[in-house]
Amino acid sequence: MGFEDIYNHKAIIKESANARVNLIGEHTDYTGGYVMPTLLGFKNTIELSKNEEKKFVVFSEHFNEKKIFNDFIKSESNDWSDYIKGCLFVFFDEYKKIKLEHFNIYISSSIPLERGISSSSALCVSTLKALNSYFNTQINEKHIAVLAKKVEHDYIGVSGGIMDQMVSSIGIHGKAFFLDCLNLKYELINFPSNWKFCLVDSEVQRNLRSSSYNERFNELKIAEKELDVEYLGGVKLNKFNPDKISNPTVVKRARHVVTENDRVLKAKECLLKDDIVKFGKLMIESHNSYSSDFEASTNDVDEIVKNSTECGALGARLTGGGFGGFTVSLIEENNFSKWYDKITKYYPEDKIFEV
Ligand code: GLA
């Protein structure tokens, strides 16, 4: 199936955006801290042509479903097409001088959904890129990310940060994307040749809307208020004073973020110095903190992390917003086949993906 089968003519624009895996730095983005994701090969593609009947027609290959609309009102049922509506709304709102046009849109994607690898950001970034190409608006990649975040934050109503949109818009497959989320300055860093990252799918589906993501977001905002700082990301480990926070649960959430920021900075140094052993240790510490202080892991996920390291991975952790989804493991290239033979005794080959 393809665009032509649905619309009987060829698309005039085709744009894609990739999913990401976060290597380290979880829930540090909206608290003004650091993250270090990398792009995956999985991608979302948007094709479009002009619709002459003043309708927006959107077909999703994944859902095998067509939606038709001519306003930008969000559905009450959290429909997949809301993401496209949201992109159209944000785009035309940002560029008010552009005359409204209608489109036939076709979405295809190789990204497993709701597994913590930012399928929604790739959808928004590719849609905005397609609108940018169609209208020749010359929006730079950073601004595409900012608009994509606006879609998720203001239109869909998910309290996320900007990591996913930034890496999906700017990242390069095969390089780490170190990002300071406060000023959006980033560095693209090569991986040493003997490092190999691999995903193992926990098959626990997650959905940011229904998960405890927003709850964690709010707890961290309470911590910032009580610590009297604008962003937790600016609080160094040796300056963190948990006594100022009244609720013990909030102390744990904040401690995760403060220690995690420290780990991201150390992990970046390890990457630059080719210290794979220490990077792996930081991933394990990150997972433990995510699991015990942030309470964002699940038993199945903890089990994968444990099995993966027992099979020889130097580090492993849950990646993304939490509460299920993918885990990421770091394995030395020359140990990879041994790790793979062992891990496939626990999990089927089609749940394991090389980054
Ligand atoms: C989701 C959000 C990101 C980030 C991660 C957790 O992927 O979209 O902004 O907060 O969770 O690190």
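Look up a bit, the structure's there.
Fair warning: this is a prediction, and the values are worked out from it, not measured in the lab. (Residues numbered from 1 in each chain as written. Predicted model: local features only at pLDDT ≥ 70, side-chain atom pairs only at ≥ 80, totals over all residues. Heavy atoms only, no water.)

## Concerning the environment of Glu230
At step 1: Relative to the assigned elements, Glu230 resides in the loop between helix 6 (213-227) and helix 7 (248-273).
At step 2: Residue classification places Glu230 among the exposed residues on the basis of a relative accessible area of 65%.
At step 3: C-alpha separation for the pair Glu230 and Thr31, spaced 199 residues apart in sequence, amounts to 8.5 Å. (Helix = DSSP H or I, 4+ residues; strand = E, 2+ residues; numbered from the N terminus. Buried < 20%, exposed > 50% of the residue type's maximum accessible area, 1.4 Å probe, protein only.)

## Section: the site of the ligand
At step 1: Neighbouring the ligand are 13 residues; Glu26, His27, Asp29, Asp164 and Tyr213 lie closest to it.
At step 2: Within the side chain of Asp29, one N or O atom sits 2.5 Å away from an oxygen atom of the ligand.
At step 3: In this structure, Gly321 approaches the ligand through a main-chain N or O atom, which is 3.4 Å from an oxygen atom.
At step 4: Protein contact buries 96% of the 300 Å² of open area that the ligand shows by itself.
At step 5: Tallied by class, the residues present in the shell around the ligand amount to three nonpolar, six polar and four charged. (Near = heavy atom within 4 Å. Polar contact = N/O pair within 3.5 Å; in protein donor to acceptor, adjacent residues only side chain to side chain. Areas by Shrake-Rupley, 256 points an atom, 1.4 Å probe, with all protein chains shown as cover. Nonpolar A, V, L, I, M, F, W, Y, C, P; charged D, E, K, R; others polar.)

## Some words on the nonpolar core
At step 1: Membership of the largest hydrophobic core comes to 64 residues, with the highest contact counts inside it found for Met36, Leu88, Phe103, Phe197 and Phe279.
At step 2: It is helix 3 (residues 119-135) that contributes the most residues to this core, eight residues altogether.
At step 3: Setting aside residues up to four positions removed in sequence, Leu88 forms contacts with Phe56, Phe69, Phe72, Phe103 and Leu131.
At step 4: Judged by nonpolar contacts, the second largest core, of 21 residues, contains Leu220, Ala223, Val235 and Val250. (Core = buried A, V, L, I, M, F, W, Y, C linked by side-chain atoms within 4.5 Å. Contact = heavy atoms within 4.5 Å.)

## Quick look at the packing of aromatic side chains
For any pair of aromatic rings, the description consists of the separation of the ring centres together with the inter-plane angle of the planes.
At step 1: Considering all chains together, one arrives at 30 aromatic pairs under this definition.
At step 2: Taking the centre distance of 4.6 Å and the plane angle of 40 degrees together, the rings of Tyr30 and Phe217 count as tilted. Of this pair, Tyr30 sits in the loop between strand 1 (13-24) and strand 2 (34-50) while Phe217 sits in helix 6; the two residues are 187 residues apart in sequence, bridging distant segments of the chain. Grouping residues by exposure puts Tyr30 and Phe217 together as buried. (Phe/Tyr/Trp six-rings, centres within 6.5 Å; stacked < 30°, edge-to-face > 60°.)

## Observations concerning the side chain of Ser168
At step 1: Note that Ser168 resides in helix 5 (residues 163-170).
At step 2: Residue classification places Ser168 among the buried residues on the basis of a relative accessible area of 4%.
At step 3: Excluding residues that lie within four positions of it along the chain, Ser168 makes contacts with Ala17, Asn18, Leu39, Ser121, Ala122 and Val125.

## So, the side chain of Ser289
At step 1: With respect to the element layout, Ser289 can be found in helix 8 (residues 276-292).
At step 2: Overall, the relative accessible area of 8% leaves Ser289 in the buried class.
At step 3: Ser289 has contacts with His256, Thr259, Arg263 and Phe294, leaving out every residue within four places of it along the chain.

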